Amino acid sequence: MATIPRSPDSLSLVRSRIGERIAEIEQRASTLKPIDIRLKMDAIRAMAAEHGLLALEGLADYSAHHAMMPGHRQATRCALDHMSAALDSNSDADRTTILAAMAIRLH
């Protein structure tokens, strides 16, 4: 999917909206069903992909996939801990670094 060029103001608005979605997941993570976590993370992934937020897209994709696996609560908590760094970045290198940090932390 091609990314759409955005002005700094519109990208700030997108980051703010995604931040609100992340905050909602953080508040409700312990009570959400795995499928709900998956759907919410997939929605974040789609928004991030549309706006070129590569690090966040990768992290949300990872989290959406792992939401249905054993240990999903720990994986979700770990992903949420890295969300702010991913949200502030649009670098593919940051995506690799964040996913590597997740892998180390979870294993």
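Here the structure is a predicted model, which is why all the values come from computation and not from measurement.

What counts and what doesn't
- Residues numbered from 1 in each chain as written.
- Predicted model: local features only at pLDDT ≥ 70, side-chain atom pairs only at ≥ 80, totals over all residues.
- Heavy atoms only, no water.
- Helix = DSSP H or I, 4+ residues; strand = E, 2+ residues; numbered from the N terminus.
- Rg over C-alpha atoms; globule rule 2.2 N^0.38 Å.
- Buried < 20%, exposed > 50% of the residue type's maximum accessible area, 1.4 Å probe, protein only.
- Contact = heavy atoms within 4.5 Å.
- Patch = residues over 30% accessible without salt bridge, like charges linked within 9 Å, V, L, I, M, F, W, Y side chains within 5 Å.
- Areas by Shrake-Rupley, 256 points an atom, 1.4 Å probe, with all protein chains shown as cover.
- Salt bridge = Lys/Arg side-chain N within 4 Å of Asp/Glu carboxyl O.
- Expected span 1.5 Å × (residues − 1).
- Axes fitted to C-alpha atoms, helices over the stretch in contact; angles between N-to-C directions.
- Parallel < 35°, antiparallel > 145°, perpendicular 65-115°, else oblique.
- Left-handed = near helix turned anticlockwise from the far one by under 90°.
- Polar contact = N/O pair within 3.5 Å; in protein donor to acceptor, adjacent residues only side chain to side chain.

(A) Structural detail: the overall build of the chain. Scanning the chain from N- to C-terminus turns up five helices and zero strands. Mapped from its N terminus to its C terminus, the chain presents α and β elements in the order α-α-α-α-α. In terms of C-alpha radius of gyration, the chain reaches 13 Å, essentially the compact-globule figure of 13 Å for 107 residues. For the chain, the spread of C-alpha atoms along the principal axes amounts to about 40 × 25 × 20 Å. Split into buried and exposed, the 107 residues of the chain put 37% on the buried side.

(B) Highlighting the side chain of Thr76. With respect to the secondary-structure elements, Thr76 resides in helix H4 (residues 72-87). Excluding residues that lie within four positions of it along the chain, Thr76 makes contacts with Ile37 and Ser63.

(C) Fine view of a nonpolar patch on the surface. A contiguous nonpolar patch, built from Ile35, Leu39 and Met68 and spanning about 280 Å² of accessible area, is present on the exposed surface. Mapped onto the fold, Leu39 is located in helix H2 (residues 34-50). You can call Leu39 exposed: its relative accessible area is 54%.

(D) Fine view of helix H3 (residues 54-66). Given a rise of 1.5 Å per residue, 13 residues ought to cover 18 Å, and the 18 Å separating the end C-alpha atoms of H3 matches this to within 8%. Looking only at H3, the buried set comprises Ala55, Leu56, Glu57, Gly58, Leu59, Ala60, Tyr62, Ser63 and Ala64.

(E) Quick peek at the packing of H2 against H3. Contact geometry for H2 and H3: axes closest at 8 Å, N-to-C directions at 160°. Put simply, H2 runs roughly antiparallel to H3. Crossing geometry of H2 relative to H3 is assigned as left-handed. From H2, Arg38, Met41, Asp42, Ile44, Arg45, Ala48 and Ala49 reach across to H3, where they touch Leu56, Glu57, Ala60, Asp61, Ser63, Ala64 and His65.

(F) Examining the side chain of Ser89 more closely. For Ser89, the position within the fold is in the loop between H4 and helix H5 (92-106). Here Ser91 takes part through its backbone nitrogen, which lies 3.0 Å from a polar atom of the side chain of Ser89.

(G) Representation of the pattern of salt bridges. Under the counting rule described, the total for this entry stands at seven salt bridges. The residue Arg105 makes a salt bridge to Asp81 at a minimum N-O spacing of 2.5 Å. Linking Arg105 in helix H5 with Asp81 in helix H4, this pair joins segments that are 24 residues apart in sequence. A residue is classified by how much of its surface remains accessible, and Arg105, at 43% relative accessible area, is partly exposed. On the accessibility criterion, Asp81 (38% relative accessible area) is partly exposed.

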